[in-house]
Amino acid sequence: MAATDETGPAGRNTTVPGTPPTAGPPTDPAPRTGARMPRWLPRAMVLALALIAVFQFGSWAFHQLTGLLINVLIAFFLALAVEPAVSWMAARGVRRGFGTFLVFVGVLVVGAGFVTLLGSMLAEQIIKIVEDFPQYLDSVINWINTHFHTELRRVDIQENLLRSDWLRNYVQNSATGVLDVSAQVLGGLFRLLTIALFSFYFAADGPRLRRTICSVLPPARQAEVLRAWEIAVNKTGGYLYSRGLMALISGLAHYVLLEFLDVPYAPVLAVWVGVVSQTIPTIGTYLAGALPMLIAFTVAPWYAVWVLVFVVVYQQFENYVLQPKLTARTVDIHPAVAFGSVVAGTALLGAVGALIAIPAVATLQAFLGAYVKRYDVTDDPRVLGHRGSGGTGAFGRRVRGLWAQRRPEDDGAGPAAGVAGAGAAGSGAAGSGAAGAAGPGEGGTAGAS
């Protein structure tokens, strides 16, 4: 007999006639074997690769042109420095190109004359040192033999020195380094010529350069650019004025010392110290003081020590007293900001950054100060550094009041003193009792109060 149970195989496969078949469980569609790449993805990849290539090329070009950009920056600040003199000559009918040429020729003549005088003096002193070196060596040997009971002789020292491996290696290294020094000198001369050329064009074609920049800006922006340019000229001139003033003070101070020690060529050495100390920041004074020390050594060895001590002391005076005040007055920035800008400029661009950091920061500060809105400051005592009523003043008054209460008790004073202390503290009941002990009139007054 066939199975009629609905749960059996026959029941599961049979359907009632006239009824639609039941829908089975949903089946997943067939997997797509040919999924297409989004249309935007290739273009995004090409754009990303192009941006990376442009960034790499820009970074490489910037590193290759860093030296040229620094030279152009130095030339721009030099052009700003000579702009007042060129404008003064142009206002009196002199063409800007010819006026700029005259200014540069004047600077070149002064610099060449100074280098010539200094070179001749240095050559004479080197010759004198070489000629007098045996005498200095004999005096040193005699001093050593006298104090240390030795038997040194100059001839033995010279022979040992000439036969030493150290001298031979030093001569060989110096001979191989001549080409490097020559290359550095030629590179420095080329850099100076590049800076001078750009400075000349910036100063001579200043109006044309400003007109070109303003031609691509709306009238409102043109006024701002011209104002920023004028501020930069004023601040750069003020900075150079401060440097020149510090160079003058340094030169006079060292001239007085060298004349007092009777060192030859004192005026030239003083000018050398003043110029080099202000041209090279931070360590310029020490580098400039090496030459006066050398010349003073030819007069007396102890004079070189005195010059060294004076250079160190004057450097500290200049760093902490003279330079912050003069810089703050001439370029109108805070001494701490001036010092910080020099440190930041040295970290970014070395000695060049130290030279142009202060005028650049002063220009930026003056330009921002012209457009930053300022308000009147309230008359609050805290603005002047005074604390309010809730500060140490009220606390001090409370301490004094407590001390006035405790002081008579600690000293063992009588009842009258206790009355005064209690009355000052504002204790009515205790004050009336103590005042009653003092007298009826005072006790009635205190009790009423």
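Higher on the page you've got the structure.
The following paragraphs examine the structure supplied in this document. (Residues numbered from 1 in each chain as written. Predicted model: local features only at pLDDT ≥ 70, side-chain atom pairs only at ≥ 80, totals over all residues. Heavy atoms only, no water.)

### Topic: the packing of helix H8 (residues 206–214) against helix H9 (residues 219–260)
- Closest axis-to-axis distance for the H8/H9 pair is 10 Å, and the angle between their directions is 145°. Relative to H9, H8 is oriented so that their crossing is right-handed. Residues Leu-209, Arg-210, Ile-213 and Cys-214 of H8 pack against Gln-222, Val-225, Leu-226 and Trp-229 of H9.
- A per-class count over the contact of H8 with H9 returns 6 nonpolar, 1 polar and 1 charged. (Axes fitted to C-alpha atoms, helices over the stretch in contact; angles between N-to-C directions. Helix = DSSP H or I, 4+ residues; strand = E, 2+ residues; numbered from the N terminus. Left-handed = near helix turned anticlockwise from the far one by under 90°. Contact = heavy atoms within 4.5 Å. Nonpolar A, V, L, I, M, F, W, Y, C, P; charged D, E, K, R; others polar.)

### With respect to the nonpolar core
- Core analysis: the largest hydrophobic core is formed by 18 residues, its most contacted members being Ile-74, Leu-80, Val-82, Val-103 and Val-352.
- Those elements that place two or more of their residues in this core are helix H3 (66–91), helix H7 (178–204), H9 and helix H14 (351–371).
- Here this core gets 9 residues from one element, more than from any other, and that element is H3.
- Counting 14 residues, the second largest nonpolar core, distinct from the first, contains Phe-114, Leu-261, Val-307 and Val-311. (Core = buried A, V, L, I, M, F, W, Y, C linked by side-chain atoms within 4.5 Å. Buried < 20%, exposed > 50% of the residue type's maximum accessible area, 1.4 Å probe, protein only.)

### Quick notes on the environment of Thr-66
- Along the chain, Thr-66 falls in helix H3.
- Given a relative accessible area of 27%, Thr-66 falls into the partly exposed group.
- Among the polar contacts listed, one links the side chain of Thr-66 to the backbone oxygen of His-63, at a separation of 3.4 Å. (Polar contact = N/O pair within 3.5 Å; in protein donor to acceptor, adjacent residues only side chain to side chain.)

### A word on the side chain of Ser-199
- Its place among the elements puts Ser-199 in helix H7.
- In this structure Ser-199 touches Ala-75, Leu-78, Ala-79 and Phe-104, once residues within four positions along its chain are discounted.

### Notes on unusual backbone geometry
- With a phi angle near 55°, His-149 is a residue other than glycine that sits in the positive phi range.
- Relative to the helices and strands, His-149 resides in the loop between helix H4 (96–148) and helix H5 (154–162).

### Quick notes on the side chain of Gln-278
- With respect to the element layout, Gln-278 can be found in helix H10 (residues 266–279).
- Looking at Gln-278, its side chain comes within polar contact range of the side chain of Glu-318, at 3.1 Å.
- Excluding its chain neighbours within four sequence positions, the residues that come into contact with Gln-278 are Arg-243, Met-246, Ala-247, Glu-318 and Leu-355.

### Let's talk about the packing of aromatic side chains
- This structure, assessed with the given rule, holds 10 aromatic pairs.
- Seen in terms of ring centroids, Phe-76 and Phe-77 are 6.1 Å apart; in terms of plane orientation they differ by 80°. Their pairing is edge-to-face.
- Classification of Phe-76 as partly exposed rests on a relative accessible area of 26%.
- Ring centres of Phe-104 and Phe-200 lie 6.1 Å apart, and the angle between their planes is 75°; on these two criteria the pair is classed as edge-to-face. You can see Phe-104 sitting in helix H4 and its partner Phe-200 sitting in helix H7, a full 96 residues away along the chain. (Phe/Tyr/Trp six-rings, centres within 6.5 Å; stacked < 30°, edge-to-face > 60°.)

### Overview of the packing of H10 against helix H11 (residues 284–299)
- The interhelical angle for the contact between H10 and H11, taken along N-to-C directions, is 165°, at an axis separation of 7 Å. Comparing their axes, H11 and H10 come out roughly antiparallel. Along this stretch, H10 crosses H11, giving a crossing that reads as right-handed. For the pair formed by H10 and H11, the contact residues are Leu-269, Trp-272, Val-273, Val-276 and Ser-277 on the first element and Gly-284, Thr-285, Ala-288, Leu-291, Pro-292 and Ile-295 on the second.
- Here the contact of H10 with H11 is built from residues that sort into 8 nonpolar, 3 polar and no charged. (Parallel < 35°, antiparallel > 145°, perpendicular 65-115°, else oblique.)

### Notes on the pattern of salt bridges
- One pass over the structure, following the stated rule, counts 3 salt bridges.
- Between Arg-96 and Glu-83 there is a salt bridge, with its nearest N and O atoms 3.2 Å apart. Placement of the pair is Arg-96 in helix H4 and Glu-83 in helix H3, with a sequence separation of 13 residues.
- The residue Glu-224 makes a salt bridge to Arg-221 at a minimum N-O spacing of 3.1 Å. Within this pair, Glu-224 and its partner Arg-221 are both found in helix H9, separated by 3 residues, close to a single helical turn.
- Ionic contacts of the salt-bridge type, sharing partners, join the residues Glu-83, Arg-96 and Arg-210 into one network. (Salt bridge = Lys/Arg side-chain N within 4 Å of Asp/Glu carboxyl O.)

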